[in-house]
Every structure is written in structure tokens, then in C-alpha cells.
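Structural characterization, general
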Amino acid sequence: MVNTMTRNETAAWLSDRDRFCILTHTRPDGDTIGSASALCLGLRQLGKTAYLLENDGVSPFLRDCMDGLTKPHADAGDTLVSVDVASPGMLPENGRELLGSIALRIDHHASATSFTPVELVDSTASASADLVYDLLIALGVELTQAMARRLYIAVSTDTGCFRYANTNAHSYQVAAACAATGADLYPITQTLFDTNTLGKLKLQSWIVENARFLRDGSAAICAIPKELEETVTKEDLENVPGFLRSIAGVKICASIRQTPMGSKMSVRAVPGYDAAAICAAFGGGGHKGAAGASLNLPPEEALQVVARMLEEYVDKIQSEQGEA
């Protein structure tokens, strides 16, 4: 039986413990790294021993958030905490071996699988950063510029620089608190949202020429060829589904990439459509606006299967909207 705690209960739970190892998710984004590293710094400020478990998939920009905070493995006596991990399948390889020992999950995904005895989960939060910020305040931590930089990376990443539908009043409160510390937030915004590499632009050009548009452009899908992936960086590939969703008329979209086990699907949707509903059919999950799943199929086969599902889903939603 999982015990879902409030923010204050979670803060008290953390306060009662002294040694922590914090886990992030595979293919880490700004929210999991920013939130986890801010929590780590906050716990250290309280005199506790806290580290992040190393994650090999971190990009150079986010790697800076983890400098001096990581260790290669959890030690006996560590309290294991996961941040922004919606399901066991999202744990990196060195984290999956700890499944069953993770004590606390801090997360904001609406579509999720509980895997810890206690958890702090709030699907109304725009990012896990919202929850971590609240915990730091409840713990009496003084927000530093180092924490603020990490929290801002986290909340701005998951809200698309405060443009996505999940953005709410608390998102801005977290951002305002980060700015109030005197942290220089402009370089973060510029790097994350206002900088395009030549590789990223070439990738977007390929998508425009090769994506399939379904149901009069209401849905879109593409499978990125492995040979194209090899010509760009991980960072260039990060927002492929977001780029598809930005095309006028697209309500829901999916991008597919090859993995050693088959394919990885990322789905994005506008309000009124549910990305997590598509991914749930494959054991994945996430938010209504953004979700993901793994498929035991090669990319081209996965594309055909997901394309049919998107068409059926769009037909269903449009039919329901027509009847309303």
C-alpha cells in the first residue's frame, strides 16, 4: 500500500533522515536534473549527506548542475529518493537495480506507476521543480543562487519557457523566487530556447520534408533514421516532437527513434488531446501534453502502428467534439 504524503509530511519525512542518494530518470531532461540537484543542495544546507546517483545520459549543459554532487552507486544506509520518475521503466540502468529499495518518489506525472512505499505526487504541478521548491521552503532552506539556477532550469524546461498549457500561477511563483535570489536567468533561457545549432535546423528541415501528416494535418508522425541521428547531437534531438506540435493545425504528434530494444516514442498534444492516452497502450505514460513509451518494434513498423492509433484517436476525439 503506497502512502501519498502532503508537502509538509514529506518535508518532515526528509528531516527525520540524514543520508540520501537521489535518482533521476533515463534520457534526463531539465526537470529531473534541475529538481534533483536543487533538492540535493538543500539537504546539504541542512547538514545532511546527500548525493545524486550518476546518470550517463546527461547533456553537457545539464551536467554542470551535477558537478560535485554525484556518486557512482548507492551505499548501505542511504535513503533512496527518485525525482521526476513516473515509472520503474524510466529509471536508468544503474537505478533499476535499486528498484524495491527506493523509499520516496517525488513526481508530478498524471500517468504514473507507484513503485515506492511513500510518495509526494501532485499532477497539478507544472514540474517536479514546483514540489521541490515547496519542500525546500517547508524544510526552512534558504534559497541560494545555485539552487535557484537549477530550479529555473527545471520549471522552464517542463513549461516550455512558460508557454505550455501546464503552466500555472505556481510556475511563475517558483520563477519569481529564483529571480529574487539574484540568479542570472537570461543565459538559461537563451541556451534552452533561443539558440539553434546548424544540426538542429537541418533536422527540422528533414522533418518538414518527411513527416507524415494525418487526418487533414490534425496529427503528425515521423521516425528519425539512425543515420540522421548520427549526424546531430543529443541536444538537437531533444525537441523533435515539440517542433512537430508547433506546426499549424497539428493537435497531436509522435516522433520515433531507434533503440537497442526497438523504438522509443515521444508524443506531444495540445489541450483537448491526451498524449498519455496514446502511450498507455504501450506501457508508457506522462502528461496529457507530453508522454513517452518504448516499443519492441523497429522504427518503421512502430511508425505504422502508431500512425493507425493516432488516426483512430483523432477520429474519436473529433467525433466526441462534434457531438458535444
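The structure this text deals with has already been given above.
Residues numbered from 1 in each chain as written. Predicted model: local features only at pLDDT ≥ 70, side-chain atom pairs only at ≥ 80, totals over all residues. Heavy atoms only, no water.

**Thoughts on the environment of Leu201**
Checked against the element boundaries, Leu201 lands in helix α9 (residues 198-210). The spacing of Leu201 and Asp236 is 35 residues in sequence and 8.5 Å in space, taken between C-alpha atoms. (Helix = DSSP H or I, 4+ residues; strand = E, 2+ residues; numbered from the N terminus.)

**Quick notes on empty space enclosed by the protein**
If a probe the size of a water molecule is rolled over the atoms, the empty space left behind becomes visible. With the rule as written, the count across this model stands at one cavity of 30 Å³ or more. Reported here for the largest cavity is a volume of approximately 30 Å³. Lys200, Leu203, Gln204, Ile207, Asp236, Asn239 and Val240 together form the lining of the largest cavity. Counting residues per element, the lining of the largest cavity draws most heavily on α9, which supplies four residues. Here the residues of the lining of the largest cavity are counted per class, giving three nonpolar, two polar and two charged. (1 Å grid on protein atoms, 1.4 Å probe; cavity = no way out; pocket = protein on both sides within 12 Å on 5 of 7 lines; lining within 4 Å. Points joined across faces, edges and corners; volume = space filled by probe spheres on them. Nonpolar A, V, L, I, M, F, W, Y, C, P; charged D, E, K, R; others polar.)

**What to know about the side chain of Thr116**
For Thr116, the location among the structural elements is in the loop between β6 (102-107) and β7 (118-121). From its side chain, Thr116 meets the backbone nitrogen of Arg105 in a polar contact 3.5 Å long. In terms of polar contacts, Thr116 uses its side chain to reach the backbone carbonyl oxygen of Val118, at 2.7 Å. Apart from the residues within four sequence positions on either side, Thr116 is in contact with Val2, Ile102, Ala103, Leu104 and Arg105. (Polar contact = N/O pair within 3.5 Å; in protein donor to acceptor, adjacent residues only side chain to side chain. Contact = heavy atoms within 4.5 Å.)

**Things to note about the packing of helix α2 (residues 30-45) against helix α6 (residues 145-158)**
It is at 7 Å that the axes of α2 and α6 come closest, and there the two elements cross at 155 degrees. Judged by the angle between their axes, α2 and α6 are roughly antiparallel. Crossing angle aside, the handedness with which α2 passes α6 is left-handed. Across the interface between the two elements, Gly30, Asp31, Gly34, Ser35, Ser37, Ala38, Leu41, Gly42 and Gln45 of α2 pack against Ala146, Met147, Arg150, Leu151, Ile153, Ala154, Thr157 and Asp158 of α6. Of the residues in the contact of α2 with α6, the class split is seven nonpolar, seven polar and three charged. (Axes fitted to C-alpha atoms, helices over the stretch in contact; angles between N-to-C directions. Parallel < 35°, antiparallel > 145°, perpendicular 65-115°, else oblique. Left-handed = near helix turned anticlockwise from the far one by under 90°.)

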